[in-house]
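For reference, the chains in residue letters:
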Amino acid sequence: MTPITQPMPLVSVVMPAYNAARYILEAIDSILRQDYSPIEIVLVDDGSTDNTVSLVEARAPAARIIRQANAGVGAARNTGLRAATGDFVCFLDADDGWFPGKVSTQVGYLEANPDVGAVYHL
């Protein structure tokens, strides 16, 4: 008899971005290099006037892109949080990046410790 396996929890990555063309691909690539799936990328373009959005569309065509007038990083994070559909939510700034294995490590910890409500890294 084949054991029944549960699907892996969806992780939503909320990424606020404002004129982030210089760094955005490094951030996107750090998500795409994760050894975990499924991951949903929610990019909130906070009124960029550069080519931030077109770069993301080319590199990560499955990313959901939400455009809003410039309202600041907090408002962009809140917009992304409202749009996220994942079981878990991570925030990643457009000028930052993750080491490989970050998402699988954190999801594994949360799954093994259901009494824990949040994890973070430095």
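Use the structure listed above.
The following refers to the structure shown. Counting of residues starts from 1 at the beginning of each chain's written sequence and follows it residue by residue. Confidence filtering applies because this is a predicted model: local features only for residues at pLDDT of at least 70, side-chain atom pairs given and counted only at 80 or more, and all residues used for totals across whole chains, interfaces and linings. Heavy atoms throughout the structure, all of them, feed into the side-chain values; hydrogens and water do not.

1. Focus on the side chain of Ser30
Okay, so step 1: Its place among the elements puts Ser30 in helix H1 (residues 24-32).
Okay, so step 2: Residues within four places of Ser30 in sequence aside, it is in contact with Leu92, Gly97 and Trp98. Secondary structure elements are taken from DSSP: a helix is a run of H or I of four residues or more, a strand is a run of E of two residues or more, and numbering for both begins at the N terminus. By definition, residues are in contact when any of their heavy atoms lie within 4.5 Å.

2. Notes on the packing of aromatic side chains
Aromatic ring pairs are reported here in terms of the distance separating the ring centres and the angle at which the planes meet.
Okay, so step 1: Two rings belonging to Phe, Tyr or Trp (six-membered ring only in the last case) form a pair when the distance between their centres is within 6.5 Å. Interplanar angles under 30 degrees mark stacking, angles over 60 mark edge-to-face geometry, and anything in between is tilted. What the rule picks out here adds up to 0 aromatic pairs.
Okay, so step 2: Positioned above the aromatic ring of Trp98 is the side chain of Lys102, whose terminal nitrogen or guanidinium carbon lies 4.5 Å from the ring centre. To sit over a ring, a charge needs its Lys NZ or Arg CZ within 6 Å of the ring centre and within 35 degrees of the ring normal.

3. A few points about the environment of Val73
Okay, so step 1: Looking at where Val73 falls in the secondary structure, it is placed in helix H3 (residues 73-83).
Okay, so step 2: Any residue under 20% of the maximum accessible area for its type is buried, any over 50% is exposed, and the rest in between are partly exposed; the area is computed with a 1.4 Å probe on protein chains only. Val73 gets classed as partly exposed once you look at its relative accessible area, which sits at 43%.
Okay, so step 3: Sequence separation of Val73 and Asp45 is 28 residues, and the distance between their C-alpha atoms is 9.8 Å.
Okay, so step 4: Excluding anything up to four places from it in sequence, Val73 contacts Pro16 and Asp46.

4. Some words on a nonpolar patch on the surface
Okay, so step 1: Exposure above 30% relative accessible area and no salt bridge define the residues that can form patches, which grow by joining like charges within 9 Å and nonpolar side chains of Val, Leu, Ile, Met, Phe, Trp and Tyr within 5 Å. Accessible surface is estimated by sampling points in the Shrake-Rupley manner with a 1.4 Å probe; for residues, cover comes only from the protein chains shown. Salt bridges, as used here, are contacts in which a Lys or Arg side-chain nitrogen is within 4 Å of a carboxyl oxygen on Asp or Glu. On the surface, Leu81, Val89 and Phe91 cluster together into a nonpolar patch covering about 240 Å² of accessible area.
Okay, so step 2: Along the polypeptide, Phe91 turns up in strand E4 (residues 88-91).

5. Topic: the environment of Val103
Okay, so step 1: Checked against the element boundaries, Val103 lands in helix H4 (residues 102-112).
Okay, so step 2: Residues Val103 and Asn78 lie 25 residues apart in sequence; the distance between their C-alpha atoms is 21 Å.

6. What about the sheet that holds E4?
Okay, so step 1: Two strands form a pair only when DSSP identifies at least two bridges running between them. Read across the sheet, 4 strands follow the order E3-E2-E1-E4 without closing on themselves; strand pairing throughout is parallel. Both outer strands of the open sheet, strand E3 (64-68) and E4, are each paired with one neighbouring strand and no more. On average, each strand axis in the sheet is tilted by 20° relative to the strand beside it, whichever way the strands run.
Okay, so step 2: Of the pairings in the sheet, the one linking strand E1 (residues 11-17) to E4 comprises 4 bridges and is parallel in character. Paired with Val14 across the two strands is Phe91, which belongs to E4.
Okay, so step 3: Note on definitions: angles span 0 to 180 degrees between N-to-C directions of axes, and those axes are lines fitted to C-alpha atoms, for helices only across the stretch in contact. Along the sheet, H1 makes contact with E1 and strand E2 (39-46), crossing E1 at roughly 175°.

7. Brief notes about the packing of H1 against helix H2 (residues 52-59)
Okay, so step 1: Contact geometry of H1 with H2 gives a least axis separation of 10 Å together with a crossing angle of 30°. Looking at the two axes, H1 sits roughly parallel to H2. The handedness of the crossing between H1 and H2 comes out as right-handed. Between H1 and H2, the contacting residues are Ile24, Leu25, Ile28, Asp29 and Leu32 on the first element and Thr52, Leu55, Val56 and Arg59 on the second.
Okay, so step 2: Classifying every residue of the contact of H1 with H2 gives 6 nonpolar, 1 polar and 2 charged. Throughout this description, any angle smaller than 35 degrees is read as roughly parallel, any larger than 145 degrees as roughly antiparallel, any in the 65 to 115 degree range as roughly perpendicular, and the remainder as oblique. For a crossing to be left-handed, the near helix must be turned anticlockwise from the far one by less than a right angle; the clockwise case is right-handed. In the scheme used here, Gly and all other residues not listed as nonpolar or charged are polar, with Ala, Val, Leu, Ile, Met, Phe, Trp, Tyr, Cys and Pro taken as nonpolar and Asp, Glu, Lys and Arg as charged.

8. Structural notes on the layout of surface pockets
Okay, so step 1: Estimates place the volume of the largest pocket at around 320 Å³.
Okay, so step 2: With a 1 Å grid laid over protein atoms only, a set of points is called a cavity when a 1.4 Å probe fits there but cannot get out and a pocket when it is open yet has protein on both sides within 12 Å along at least five of seven lines; lining residues have an atom within 4 Å of a point. Lining the largest pocket are 20 residues, and of these Val89, Cys90, Lys102, Gln106 and Val119 lie nearest its centre.
Okay, so step 3: Counting residues per element, the ones that place at least two in the lining of the largest pocket are E4 and H4.
Okay, so step 4: In terms of residue count, the dominant contributor to the lining of the largest pocket is H4 (5 residues). Grid points are joined across faces, edges and corners, and a volume is the space filled by probe spheres set on the points.

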